[in-house]
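Spelled out, the chains give:
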Number of protein chains: 2
Amino acid sequence: MTHAPIPAITAADKTFYNLRTDIVEGRITAGSKLSEAELSTKYGVSRAVIREAISRLVSCHIVERKANIGARVVALTPEGLIELYQVRESLEGMAARLAAQNMTPAQIDDLNTLLEQHAASVKDSQSYYQEAGDVDFHYRIIIGSHNNQLITLLTEGIYHLVRMYRVQLGMAGPRVTTAFAEHQHIAQAIANRDAELAEMLMRRHITYSRQNIEHKLHSSQTLPQA
Amino acid sequence: MTHAPIPAITAADKTFYNLRTDIVEGRITAGSKLSEAELSTKYGVSRAVIREAISRLVSCHIVERKANIGARVVALTPEGLIELYQVRESLEGMAARLAAQNMTPAQIDDLNTLLEQHAASVKDSQSYYQEAGDVDFHYRIIIGSHNNQLITLLTEGIYHLVRMYRVQLGMAGPRVTTAFAEHQHIAQAIANRDAELAEMLMRRHITYSRQNIEHKLHSSQTLPQA
DNA sequence: TTTAATTGCATTGTCGACAATATAGCTATA
DNA sequence: TATAGCTATATTGTCGACAATGCAATTAAA
């Protein structure tokens, strides 16, 4: 279910993680103000700890802060989600290319094993695959790129942002089985060490997701409060 | 010379900028430890301010921090620089593509004006173009992408890192005139609204830079201290 | 009535002190 | 002598209080 180890040591660490999940999962709504005093009592820690946590959220682009005014959760515009997907297309395309070059045979085996599990679950129950499965697949390819800059950027930056947008804009949508086929083709290209093709397929895969989202946005025109 | 406005308001802001430039310009050497008390007296501010500044540097990937141990400037491995250039290739390629689609006519005119100035300075004095000119060119294209995620990622994240690596690994190298020709071709593609070509040319442009750097790294094998 | 200034309050920014943790040096024991 | 445990010290993490700034309500003047 969860992918990365959880090295939460200091109080600021825990508060950061708690705050982030509370925001990403939607318990703290987009655009709302983050009062330091309020959060301080809510999480039972000092204001300094809250300030540190907020600072980190700012650097994740989850929160915006203005000097002497305060911090707010970012406003969720549909355009912002599109922009995020464009960045994903670029970075994950590169990740797929590098993965084709650098993944170890063991990593490739693991990726295929994962896909077999997904195939089974798609046949049976369908719905579970959705979120976690998709994320797992992408994570492995990102890790497989063996490029630490890329890994950090995606796993502790962009991915949480994307998740927040999708949750709060109500984009839990299906597109399951077709996406699964695309996953298979990408894995195939990586196994064949075909970097060019892997990149192209990954980019196309994410472009499809983006178009899927754009379609949903246009059909249900319900903008959240500014 | 400088590109972005300087919205330094609070003391932590200024300290952050000061610390960053001191690191990027090499006055604080890579791998060295950042003692909070020491920096506190050096910059004449409280430890809390220093901690805030360091936190921001951590989120820029310029500094690494371990809980209860301390913060160090990142170690500069040649591999790290290569990784950075791979990310640049990906993101700036996308930026060029989006710029071809989204740049306003005025922005395109400005870009061409800039190139004419560069042409003149290359003919005359040569050497000036080097750093600032190159950065200016790339900045305008990034801004021209009109993708805020991309803009933020590059201008306040990756670029400072690249600069730090180049300064401290002694990569101030030439490659001036050929790079200028590549700039012209990229600008041409953008003016023609040829997104595909613009992306490809930009990626190739950065790939050349990376190969140039790899070449230098292999010829002069002087690794900094671990 | 409307607008401008002032005053008071709430929130953020900064500071110094205390608590918790890690590193180095010393001591004792095998 | 070497190693394990302990102690002392230095560094980081956390806290509460004070200073500075922004915002809103109230008041005064046109």
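Residues numbered from 1 in each chain as written. Chains lettered and ligands numbered in written order. Predicted model: local features only at pLDDT ≥ 70, side-chain atom pairs only at ≥ 80, totals over all residues. Heavy atoms only, no water.

K.L.:
Any chance you could explain the relation of the copies chain B and chain A here in plain terms?
P.N.:
For the match of chain B to chain A, the screw axis carries a shift of 0.0 Å, the RMSD comes to 0.0 Å, and the turn is 180°. Such a combination of turn and shift is consistent with a two-fold rotation axis. Most of the interface of chain B is mirrored in chain A: 100% of its interface residues are interface residues there too. (Least-squares fit on C-alpha atoms with pLDDT ≥ 70 in both. Contact = heavy atoms within 4.5 Å.)

K.L.:
For this particular structure, what's the right way to read the environment of Asp13(A)?
P.N.:
Relative to the assigned elements, Asp13(A) resides in helix α1 (residues 11-24). The sequence separation of Asp13(A) and Val49(A) amounts to 36 residues, and the corresponding C-alpha distance is 8.8 Å. (Helix = DSSP H or I, 4+ residues; strand = E, 2+ residues; numbered from the N terminus.)

K.L.:
Sorry if this is basic, but what is going on with the nonpolar core here?
P.N.:
Nonpolar side chains tend to gather and get buried jointly when the protein is soluble and globular. Of all hydrophobic cores here, the largest spans 130 residues; its most connected members are Ile190(A) and Ile190(B). Every residue in contact with Ile190(B), bar those within four places of it in the chain, is listed here: Ala96(B), Ala99(B), Ala100(B), Met103(B), Ile108(B), Leu111(B), Ile141(B) and Ala198(B). (Core = buried A, V, L, I, M, F, W, Y, C linked by side-chain atoms within 4.5 Å. Buried < 20%, exposed > 50% of the residue type's maximum accessible area, 1.4 Å probe, protein only.)

K.L.:
Honestly, the packing of aromatic side chains in this entry has me stumped. Any pointers?
P.N.:
For any two aromatic rings, the description comes down to two numbers: the centre-to-centre distance and the angle of the planes. Residue and element names in this part refer to chain A. As enumerated under the stated definition, the model contains four aromatic pairs over all chains in all. When the ring of Phe 16 is compared with that of Tyr 17, the centres are 5.4 Å apart and the planes differ by 50°; the resulting orientation is tilted. One residue, Arg 56, lies across the ring of Phe 16, its end atom 5.1 Å from the ring centre. (Phe/Tyr/Trp six-rings, centres within 6.5 Å; stacked < 30°, edge-to-face > 60°. Lys NZ or Arg CZ within 6 Å of the ring centre and 35° of its normal.)

K.L.:
Got a minute to help me understand the protein's contact with DNA strand D in this structure?
P.N.:
Among the 20 residues in the neighbourhood of DNA strand D, the closest are listed as Thr10(A), Ala11(A), Ser46(A), Arg47(B) and Arg51(B). Each atom of DNA strand D within 4 Å of the protein was assigned to sugar, phosphate or base; sugar and phosphate come to 73%. A distance of 2.8 Å separates a base nitrogen of DNA strand D from a polar atom in the side chain of Arg47(B). Contacts to DNA strand D include Arg51(B), whose side-chain N or O atom sits 2.3 Å from a phosphate oxygen. Among the elements of the structure, α1 and α3 (47-59) of chain A together with β1 (33-34) and α3 (47-59) of chain B are those that each provide at least two residues to the surface near DNA strand D. Examining the composition of the surface near DNA strand D, we find that three residues originate from one element, α3(A), more than from any other. (Near = heavy atom within 4 Å. Polar contact = N/O pair within 3.5 Å; in protein donor to acceptor, adjacent residues only side chain to side chain.)

K.L.:
Help me out: how do you make sense of the interface of chain B and chain A in this one?
P.N.:
When the parts of a complex come together, some accessible area is lost, and that lost area is often taken as the interface size. If you look at the interface, chain B gives 29 residues, while chain A gives 29 residues. Here chain B packs against chain A, burying approximately 2,400 Å² in sum over the two surfaces, 54% of which is carbon and sulfur. If you sort the residues of chain B by the area they bury against chain A, Glu83(B), Met94(B) and Gln149(B) come out on top, with a joint share of 22%. Applying the counting rule to chain B against chain A returns eight salt bridges. A salt bridge links Arg97(B) to Glu89(A), with the shortest nitrogen-to-oxygen separation between them at 3.5 Å. (Buried area = accessible area lost by both parts, 1.4 Å probe. Salt bridge = Lys/Arg side-chain N within 4 Å of Asp/Glu carboxyl O.)

K.L.:
Looking at this structure, how should I read the pattern of salt bridges?
P.N.:
For side chains of opposite charge, pairing can occur when their charged atoms come near one another. In the structure shown here, the tally under the stated rule is 34 salt bridges over all chains. In this structure, the salt-bridge partner of Glu52(A) is Arg56(A), at a minimum N-O distance of 3.7 Å. Residue Glu52(A) and its partner Arg56(A) are located together in helix α3, separated by four residues, close to a single helical turn. Owing to a relative accessible area of 16%, Glu52(A) belongs among the buried residues under this scheme. Here Glu214(A) and Arg210(A) are joined by a salt bridge, their closest N and O atoms 3.4 Å apart. Separated by four residues within a single helix, Glu214(A) and Arg210(A) lie in helix α9 (residues 195-219), roughly one turn from each other. A residue is classified by how much of its surface remains accessible, and Arg210(A), at 15% relative accessible area, is buried. It is possible to trace a salt-bridge network through shared partners that takes in Glu89(A), Arg97(A), Glu199(A), Arg203(A), Arg210(A), Glu214(A), Glu89(B), Arg97(B), Glu199(B), Arg203(B), Arg210(B) and Glu214(B).

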